[in-house]
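Take a look at the letters that make up each chain.
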Amino acid sequence: MPHDAPPAPDDRRLIAREHHAAGRHELALAAMREAVRETVAATDLNDLAVIAAGAGRFDAARAVLRAAEEIAPGDPDVRENLEALGPGPLDVAALRAGSLGPALSPKLLGHLLGSPPPGDERLSARIDRIPSATTPRERWLYHNTMALLWSGAADVFENGPLLGGTTRAACLGMLANPRRADGPRLHTHDWFRTDVAQDGGDADLSALVPAGQLDGLVAQGLATPGALAILRAEGDFEPLVRELHAGQDYSPLLDIHRSALPDAPEDVGRLPGLWAPPPGARYEIAFVDACKSWFGTRWFLERMAPATGPGFLLALQDFGWHTCFWVSAAMGLMLDRARLVAYEGTTYVFEFPDGLRADDVARMPATLEELGGAGVDEVYGRLLAWAWSLDDSWLLLSLSLQHAAALASLGYREEARRRITALAGRPEYAGTEAPAAFHRPMALRLIRQARDTPTYRPDGSAVRL
Ligand SMILES: C[S@@+](CC[C@H](N)C(=O)[O-])C[C@H]1O[C@@H](n2cnc3c(N)ncnc32)[C@H](O)[C@@H]1O
């Protein structure tokens, strides 16, 4: 037999299984497709689907067409018939469009996107290897947003990656997206500094990443002692992040940038490397976790707006985190311009059907003081009514705490204390004191923390009641 003869179908099956067992999923898929094509004709499946649809079996028809698409990707007849059938009400695309209504669709889509695919523990372990402030399910939300919602044709943005747990999840999702074109990248931005207090904690990384976990990265061979030494001596974690994401299958898709968001007006002109998108930049999705102040959030949204278009997705990791009122207040001021499409943990993903526009952002006053106490009450009144219509009990609590946090920041401490104390006494939160990393099981702990320190200032220091 000449050396270049194609392998027989059985050999291909064997080869496919070997690739699969070794985690070479793309190679496994290509080999298995070829093997299946020898025995199953995509045209037969296409005909079966058309006949099934004629008999009213639309779900079966879609499933058969998807199988045909998997065997013969890009087959024009299969694609045309799938488009003609449209998505079923539980399809990701349909849920994104709100097929089950404004309350159930984002709840279910968030649950689906946040769920690890069954039987891929290796991928889960790989995603979970990098320390992160997110829950595993939130990281799957990042992964599956990229695998299933992203068009594959445009750049994506992230800020506040910390060590890049979320970044890795998003990049692996890009790799898993069959529509991914050559060229689109994930641009991740951080100032990579530890000399500023983080989220009301200490001015080092310890609030977010315990020292033992950092040492563990070196022990596992994921980073060098040199990168850790730079972090500890200079407070700069960019070298560590670069090492953690170098030499990976997804590395060519990732651009790491150092940039800063100004947290207060005086940071402009003082902080080097302030963030702005490069001219002509266009982002389809933005994952946001570096907006740690009112001013920084507005700065970010204002500059992001021209880089967005119809269908822009804004994933806000802090939207449901009780201290970060500036994030929810910003969205509360443009609630009629965006649609919630999915949520998991404290991460909420909004779609802007017409893109994020400059006049949307202009609704956010330059300072919290300009909005004032009455404005804060008005925005949170609207947000709470909306959360009620979403049937999202966590959001009702976190928005109530954010409302109090905004009032405390304005100096209405007594009012803030009164509101939080009332929440602390509510029976539905009794028993939610778990020392967990998840928000719901530790609701009462968070309420009690909030009664002491409801939020933090632009410089990261705690606001105390
Ligand atoms: C809570 S951590 C991010 C956690 C991360 N998203 C994860 O899931 O592991 C916030 C991140 O935002 C970055 N950050 C905070 N304020 C910033 C600013 N003003 N400019 C740029 N980056 C900032 C911090 O360095 C940090 O990496």
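A. Quick look at unusual backbone geometry. The backbone of Phe-192 sits at a positive phi, close to 55 degrees, despite the residue not being glycine. Even without being a glycine, Asp-391 presents a positive backbone phi close to 60 degrees.

B. A look at the pattern of salt bridges. Tallied over the entire structure, the rule returns 33 salt bridges. Among the ionic pairs, Arg-79 bridges to Glu-69, the shortest N-O distance being 3.5 Å. Pair noted here: Arg-79 is in helix α5 (residues 76-85) and Glu-69 is in helix α4 (residues 58-71), with a separation of ten residues, a long-range link. Overall, the relative accessible area of 43% leaves Arg-79 in the partly exposed class. A salt bridge links Glu-415 to Arg-418, with the shortest nitrogen-to-oxygen separation between them at 3.2 Å. Residue Glu-415 and its partner Arg-418 are both found in helix α19 (residues 413-424); the two are separated by three residues, about one turn of the helix. For Glu-415, a relative accessible area of 26% corresponds to the partly exposed category. Taken together, the salt bridges that share partners define one network made up of Asp-236, Glu-238, Arg-242 and Arg-258.

C. Up close: the side chain of His-439. Structurally, the position occupied by His-439 is in the loop between α19 and α20 (443-452). His-439 has contacts with Gly-345, Thr-346, Trp-394 and Leu-446, leaving out every residue within four places of it along the chain.

D. Spatial organisation of the site of the ligand. Near the ligand you find 21 residues, and of these Ala-133, Gly-160, Asp-190, Leu-261 and Asp-289 are the closest. Asp-289 has a polar side-chain atom sitting 2.9 Å from a nitrogen atom of the ligand. Coverage of the ligand by the protein amounts to 98% of the 600 Å² it exposes when considered alone. By residue class, the composition of the shell around the ligand is nine nonpolar, seven polar and five charged.

Criteria and thresholds
- Residues numbered from 1 in each chain as written.
- Predicted model: local features only at pLDDT ≥ 70, side-chain atom pairs only at ≥ 80, totals over all residues.
- Heavy atoms only, no water.
- Salt bridge = Lys/Arg side-chain N within 4 Å of Asp/Glu carboxyl O.
- Helix = DSSP H or I, 4+ residues; strand = E, 2+ residues; numbered from the N terminus.
- Buried < 20%, exposed > 50% of the residue type's maximum accessible area, 1.4 Å probe, protein only.
- Contact = heavy atoms within 4.5 Å.
- Near = heavy atom within 4 Å.
- Polar contact = N/O pair within 3.5 Å; in protein donor to acceptor, adjacent residues only side chain to side chain.
- Areas by Shrake-Rupley, 256 points an atom, 1.4 Å probe, with all protein chains shown as cover.
- Nonpolar A, V, L, I, M, F, W, Y, C, P; charged D, E, K, R; others polar.

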